[in-house]
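Here's the letter readout for the chains.
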Amino acid sequence: MSVRTRIAPSPTGDPHVGTAYVALFNLCFARSQGGEFILRIEDTDQVRSTPESEKMILDSLRWLGLEWSEGPDVGGPYGPYRQSERTDIYQQHAMELVDKGHAFYCFATSEELDEMRREQVARGETAKYDGRGLSLSAEDVKKRLAAGEPYVIRMKIPDEGSCVFHDLLRGQIEIPWSQVDMQVLLKADGMPTYHLANVVDDHLMKITHVIRGEEWINSAPKHLLLYQYFGWEMPELCHMPLLRNPDKSKLSKRKNPTSINYYRHMGYMPEAVVNYLGRMGWSMPDESEKFGLQDMLDQFDLRAVHLGGPVFDTEKLDWLNGRWIRENLDEQAFANRVAEWAINRDNLARMIPLIKERVEKFSDIAPLLGFMFSGMPKLDTSHFEHKKLDNETVRRILQYSSWRLDGLRHWSRDGLYEELNQLAQGMELKLKDFLSPLFVAVAGSSSAPPLFDAMAILGPDMVRARIRSALEASGGVSKKQLKAWDKDYRLLSAARTEHPEEQA
Ligand code: GLU
């Protein structure tokens, strides 16, 4: 059977470097075995999935050169490759499990389930579904269905013993069934959960090897059981070590830029990013540090992945990127890359409206727009001195804005204005004063072109990174302070959601 691997991203945010990392290893493994690498979009979370996010994921993986041979945009024999277009398939499969007695209806309301969990916790037990749906008689189920009561379908889990499965990197893994919940397979809205859709699709798309992040290890028992219930062969599993921040915590956008778009906007070469991701947990047989995708494809051996948490360190990436630029680009290629990156007619045309009114000659452009082409502005506390804002207020503004922007789904000029204006009101600050530290953070000075337009063009990754960097430059935040501010920020944000009409 020929090898088939897949990347299955959920389009719920920025394209994450972790997605590119897992995609790279899937691609390398498939190709090293003469097989295929495919892309599937897991968009069953209707609330959080967006077409913009899907587009960004496809664009950024393609920018990195990680090509797939089947996917929502290129088609293929096992489509559709977007889960929201396959709901009938999951419903049929959920019903098949009910008919075979491996899954059951549950009509419990969320209030009943909350109550159940509260009681379990009060008894000192771990909160877990108690199997109440299993005791309903066939008659009762029929009546409730006929009455149109909302329901979910859950899978049965053995009462005792352990699930034992094999991982290509980790060997045998054992997880007691007592730790595994009777997972919902089909939700009340008729959509499948990740577990059902993922297993059904991996089978129907003939995936032979599931290579994914280690955060999914605990899902493996549910998946194994689903394969058994359906009578299908389970693909080989391989859980890759998670990327980490330099302090060894899980790579997160609160500490490090995690969006592939950030690295693209900063002006890294895609070859260098792929090279760097390839070195996360893997090395070339000759230990060379600089290698291209083709070298990696030629030399790849999955068994050589080591499990110690690979640290994603932007300083090392800078060094590697510098080498790629110096060693691989002659002057012409350099100029072409820079034009592809940002200094080109289309990009300038988006920025001209920001400065047109202020320009008397073309040579005024560079000082006004320099920040649109830069990385982090060089700042210290003196840049944040303000006649009305003390240093603590400045840092609060930056921290709260960073939190607020983390949660912003649609990045647009008007959306930014609305969010930040609300935040200024919540903090009882005049918008003009509130924006002053943000001007400095984003543009390096308080006399810059219109802030919201500039932020909209710079994009979420770059803006968030600059705000974080400004926060450090203005004095940083201690852990204790962060905790207190977090509480304050939540109160302020809760007031906003409780009284949305006041903010309209
Ligand atoms: N949709 C899951 C994700 O977002 C896929 C996990 C898997 O590869 O099974 O990562």
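Residues numbered from 1 in each chain as written. Predicted model: local features only at pLDDT ≥ 70, side-chain atom pairs only at ≥ 80, totals over all residues. Heavy atoms only, no water.

1. Some thoughts on the packing of aromatic side chains
- For the structure on display, the rule yields 20 aromatic pairs.
- Grouped by ring-pair contacts, the aromatic residues Y21, F25, W282, F291 and F300 constitute a single cluster.
- Here R154 stacks its cationic end above the ring of Y129, 3.7 Å away from the centre of that ring. (Phe/Tyr/Trp six-rings, centres within 6.5 Å; stacked < 30°, edge-to-face > 60°. Lys NZ or Arg CZ within 6 Å of the ring centre and 35° of its normal.)

2. Thoughts on the sheet that holds strand β3 (residues 103-106)
- Within the open sheet, the 3 strands sit side by side as β3-β4-β7. Their pairing is antiparallel. In this open sheet, the two edge strands, each paired with only one partner strand, are β3 and β7 (184-186). Averaged over all pairs of adjacent strands, the angle between strand axes in this sheet comes to 45 degrees, irrespective of strand direction.
- Here 2 bridges tie strand β4 (residues 152-155) to β7, and the two strands are oriented antiparallel to one another. (Pairing = 2+ DSSP bridges. Helix = DSSP H or I, 4+ residues; strand = E, 2+ residues; numbered from the N terminus. Axes fitted to C-alpha atoms, helices over the stretch in contact; angles between N-to-C directions.)

3. Regarding the site of the ligand
- Around the ligand, the surrounding shell consists of R6, A8, S10, E42, Y194, N198, R212 and W216.
- A distance of 2.5 Å separates an oxygen atom of the ligand from a polar atom in the side chain of R6.
- In this structure, S10 approaches the ligand through a side-chain N or O atom, which is 3.1 Å from a nitrogen atom. (Near = heavy atom within 4 Å. Polar contact = N/O pair within 3.5 Å; in protein donor to acceptor, adjacent residues only side chain to side chain.)

4. With respect to the packing of helix α15 (residues 391-406) against helix α17 (residues 431-443)
- Look at α15 against α17: their axes get within 9 Å of each other, and the N-to-C directions meet at 75 degrees. Relative to α17, the element α15 lies roughly perpendicular. Contacts between α15 and α17 involve V394, I397, L398 and S401 on the former and, on the latter, F434, P437, L438 and A441.
- The residue inventory of the contact of α15 with α17, partitioned by class, reads 7 nonpolar, 1 polar and no charged. (Parallel < 35°, antiparallel > 145°, perpendicular 65-115°, else oblique. Contact = heavy atoms within 4.5 Å. Nonpolar A, V, L, I, M, F, W, Y, C, P; charged D, E, K, R; others polar.)

5. Overview of the environment of L64
- With respect to the element layout, L64 can be found in the loop between α2 (51-63) and α3 (87-100).
- Take L64: its relative accessible area is 6%, and that puts it in the buried class.
- The sequence separation of L64 and L293 amounts to 229 residues, and the corresponding C-alpha distance is 9.6 Å.
- Sequence-distant contacts of L64, defined by excluding residues within four places in its chain, comprise A20, I260, P270, V273 and V274. (Buried < 20%, exposed > 50% of the residue type's maximum accessible area, 1.4 Å probe, protein only.)

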